[in-house]
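Listed below are the residues making up each chain.
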Amino acid sequence: MSSPEKSMAIFRDAPVPKAVFSNIIPSVISMLMVLLYNLADTVFIGQTKNALMVTAVSLATPVFLLFMSIGMLFGIGGTSLISRKLGEGDHHMAKRASSFCFWSGAAIGIISLVMILIFAEPVARTVGASDESLHYTKQYLTIVAFGIPFLIISNAFSNIIRAEGHPKTAMTGMIVGNMVNIILDPIMILTFGWNVAGAALATVLGNVISAIFYIAHLVSKKTMLSIKLKYYTIKKSVSLGVFAIGIPAALNSVLMSASNIVINIVMANYGDMAVAGLGVAMKVNTICVMLLIGIGTGVQPLLGFCFGARMRKRYLSILRFTLLVAIITSVIMTVVCYVFAGPLVRFILEQPEAYAYGFEFSRVYILSGPVIGILFVMINAIQSTGAMLPSLILSISRQGIIYYPMLIIFTTFFDTAKMAAMTQPVTDYLAATLAVILFIITFRKYFPKDRDPWYS
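Residues numbered from 1 in each chain as written. Predicted model: local features only at pLDDT ≥ 70, side-chain atom pairs only at ≥ 80, totals over all residues. Heavy atoms only, no water.

Caption draft 1: Highlighting the overall build of the protein. What the protein contains, in helices and strands, is 19 helices and zero strands. Rg of the C-alpha trace for the protein: 21 Å, near the compact-globule value of 23 Å for 456 residues, within the 12% margin. For the protein, the spread of C-alpha atoms along the principal axes amounts to about 65 × 45 × 35 Å. Counting the 456 residues in the protein, one finds 62% classified as buried. Long-range contacts, defined as pairs at least 24 residues apart, comprise 84% of the intrachain contacts of the protein with a sequence gap of at least 6. Split by element, the accessible area of the protein, about 17,400 Å² in all, is 71% carbon and sulfur. (Helix = DSSP H or I, 4+ residues; strand = E, 2+ residues; numbered from the N terminus. Rg over C-alpha atoms; globule rule 2.2 N^0.38 Å. Buried < 20%, exposed > 50% of the residue type's maximum accessible area, 1.4 Å probe, protein only. Contact = heavy atoms within 4.5 Å. Areas by Shrake-Rupley, 256 points an atom, 1.4 Å probe, with all protein chains shown as cover.)

Caption draft 2: Broad picture of the packing of aromatic side chains. This structure, assessed with the given rule, holds 19 aromatic pairs. Seen from their ring centres, Phe102 and Trp103 are 4.9 Å apart, and the 85 degrees between their planes marks the pair as edge-to-face. The exposure class assigned to Trp103 is partly exposed, which follows from its relative accessible area of 34%. Consider the rings of Tyr315 and Phe447, whose centres lie 5.5 Å apart with planes at 70 degrees: the pair is edge-to-face. On the criterion of sequence distance, the pair formed by Tyr315 in helix α12 (residues 312-339) and Phe447 in the segment after α19 (423-446) is long-range, its members being 132 residues apart. Overall, Tyr315 belongs to the buried group, its relative accessible area being 0%. In this structure an aromatic cluster arises from ring pairing among Phe307, Tyr315, Phe439, Phe443 and Phe447. The ring of Phe307 is capped by Arg310, whose NZ or CZ atom sits 4.8 Å from the centre of that ring. (Phe/Tyr/Trp six-rings, centres within 6.5 Å; stacked < 30°, edge-to-face > 60°. Lys NZ or Arg CZ within 6 Å of the ring centre and 35° of its normal.)

Caption draft 3: Spotlight on the side chain of His217. Mapped onto the fold, His217 is located in helix α9 (residues 195-218). Using a relative accessible area of 8% as the deciding quantity, one classes His217 as buried. If we ignore the near neighbours within four places in the chain, the residues touching His217 are Ile161, Glu164, His166, Thr169, Lys222 and Thr223.

Caption draft 4: Structural detail: a nonpolar patch on the surface. A contiguous nonpolar surface patch, about 1,000 Å² in accessible area, is contributed by Leu324, Ile327, Ile328, Val331, Ile332, Val335, Val336, Tyr338, Val339, Phe340, Leu344 and Leu367. The dominant element in the nonpolar patch, judged by the number of residues it contributes, is α12, at nine residues. For Ile328, the position within the fold is in helix α12. (Patch = residues over 30% accessible without salt bridge, like charges linked within 9 Å, V, L, I, M, F, W, Y side chains within 5 Å. Salt bridge = Lys/Arg side-chain N within 4 Å of Asp/Glu carboxyl O.)

Caption draft 5: Molecular detail of the environment of Ser69. Structurally, Ser69 is set in helix α3 (residues 51-88). What makes Ser69 buried here is its relative accessible area of 2%. Considering only alpha carbons, one finds Ser69 and Ala249, 180 residues apart in sequence, at a separation of 7.7 Å.

Caption draft 6: Main features of unusual backbone geometry. Positive phi is not limited to glycine here, since Asn195 has a value of about 55 degrees. One can find Asn195 in helix α9.

Caption draft 7: Quick peek at the packing of helix α10 (residues 236-268) against helix α11 (residues 272-308). Orientation of α10 relative to α11, taken along the N-to-C sense of each, is 145 degrees, at an axis distance of 8 Å. In this structure, α10 contributes Asn260, Ile263, Asn264, Met267 and Ala268 to the contact, and α11 contributes Ala274, Val275, Leu278 and Met282. Split by residue class, the contact of α10 with α11 holds seven nonpolar, two polar and no charged. (Axes fitted to C-alpha atoms, helices over the stretch in contact; angles between N-to-C directions. Nonpolar A, V, L, I, M, F, W, Y, C, P; charged D, E, K, R; others polar.)

Caption draft 8: Looking closely at the pattern of salt bridges. On inspection of all chains with the given rule, the structure shows four salt bridges. With a shortest N-O distance of 3.4 Å, Lys85 and Glu88 are connected by a salt bridge. Here the residue Lys85 and the residue Glu88 both occupy positions in helix α3, the gap between them amounting to three residues, near one helical turn. Exposure remark for Lys85: the relative accessible area of 18% places this residue in the buried category. Residue classification places Glu88 among the partly exposed positions, given a relative accessible area of 48%. We note a salt bridge from Glu121 to Lys138, for which the minimum N-O separation is 3.4 Å. Of the two residues, Glu121 sits in helix α5 (residues 120-126) while Lys138 sits in helix α6 (residues 134-144), which places them 17 residues apart along the sequence. For Glu121, a relative accessible area of 36% translates into the label partly exposed. Residue classification places Lys138 among the partly exposed positions, given a relative accessible area of 32%.

Caption draft 9: Region of the structure containing the side chain of Thr297. Relative to the helices and strands, Thr297 is located in helix α11. Once residues within four sequence positions are removed from consideration, Thr297 is found in contact with Ser27, Asn159, Arg162 and Asn380.

Caption draft 10: Spatial organisation of helix α17 (residues 403-413). Among the residues of α17, those classed as buried are Tyr403, Met406, Leu407 and Phe410. Angular distribution of buried residues about the axis of α17 spans 100 degrees; they occupy a single face of the element. Facing away from the buried side of α17 by over 90 degrees, the exposed positions are Ile408, Thr412 and Phe413. Where α17 terminates, the next one or two residues include Asp415, which has phi positive at roughly 50 degrees. (Arc of directions from axis to C-beta.)

Caption draft 11: View of the nonpolar core. In terms of nonpolar packing, the biggest core is built from 147 residues, with Phe157, Ile263, Met267 and Tyr315 touching the most fellow members. Counting residues per element, this core draws most heavily on α11, at 22 residues. Among all residues touching Tyr315, those that are not within four sequence positions of it are Leu303, Cys306, Phe307, Ala381, Ser384, Thr385, Phe439, Phe443 and Phe447. (Core = buried A, V, L, I, M, F, W, Y, C linked by side-chain atoms within 4.5 Å.)

Purely geometric stuff here, so don't read any function into it on its own.
What follows is the structure, encoded as structure tokens:
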């Protein structure tokens, strides 16, 4: 049995726990590497004892997330379409979808690179850079811009490659790129004394290596996918299939970046130390969030395959088991991050005022922990069906039509930094409730019992 056939056999026939863990463990490890990669810049910049540099990296992060969202557009959208097509046995359409995602993502990345180089200073001002932090923020953005095309490709295909049943390959690509970044960070930031510029350069090189690794896989004989131009097409069957789920997923990331920018601007009213503290608190919270994102994104190709193959009973069994894993992980990580908030923040921030904000905000943000696992599993379950409208509603709700009214209410009636930060956990509880409701509606509509030959 060939490697692609073995991968599909796990999707189709393996016991539920084995099928789930074989997909989510590499995904979780990938997310942990992303976490280390995201923390590396902040941790080593923190060792310079310059809080303004920490502020600059915190301010630039939402901009970086905007371009990661383009990778998510093609990655999540491509994964949803490809896993369903493989479930249907349509391998030719899977090749067309992967080629479309690669070349379209690369083109957008090159355009984005040029735009950032031209408008680096206005962008830095827009995200909340003060006169004191402007130089560092602009410097970081300008250098990171050169990695944008590679960032988009690596983010897209770290998801798409999982759709063909190669989660370990997807994981390895993330590990290789992130380890390059983590190794280079202390060398370039501290040893060479390049500070923010060193952090940015390490990030660029990590993304380049990761993208090259995925390209090498995609031109090998180990894959059912392709990036050959002969398969490239913008026909509705491909482009709309990718965008139907990709746009809501990307929109969610864009709104997350926008909400981060807005909360940074709000925190700027309390000073640069509040912004630095919030940035570190978000990093601490990310320890929990990344694990749970890994569980959700890891199981999505498996759910998508079952949906495409009309295996309703298996789909439900996989979903129930994954929810149980996510809930247990959520509770454990909430306790860990709450208890160890102090040491985690102090590792990055020593300045007393910045540390005080970081500690307080960390314990506020982790309040989302108990429900965040349910939220991410439900998001990916909806995406696995290819249902655009529910995905769109959920995407614009969490960091959009739920978040902003909550932020206005909390800042208007309480006007404290802590209560402004409280907006996020309140939003997450409301979003998790909405996600469960939308999934139930979607599942009943798109996966009825009478259309399932496997149901008994």
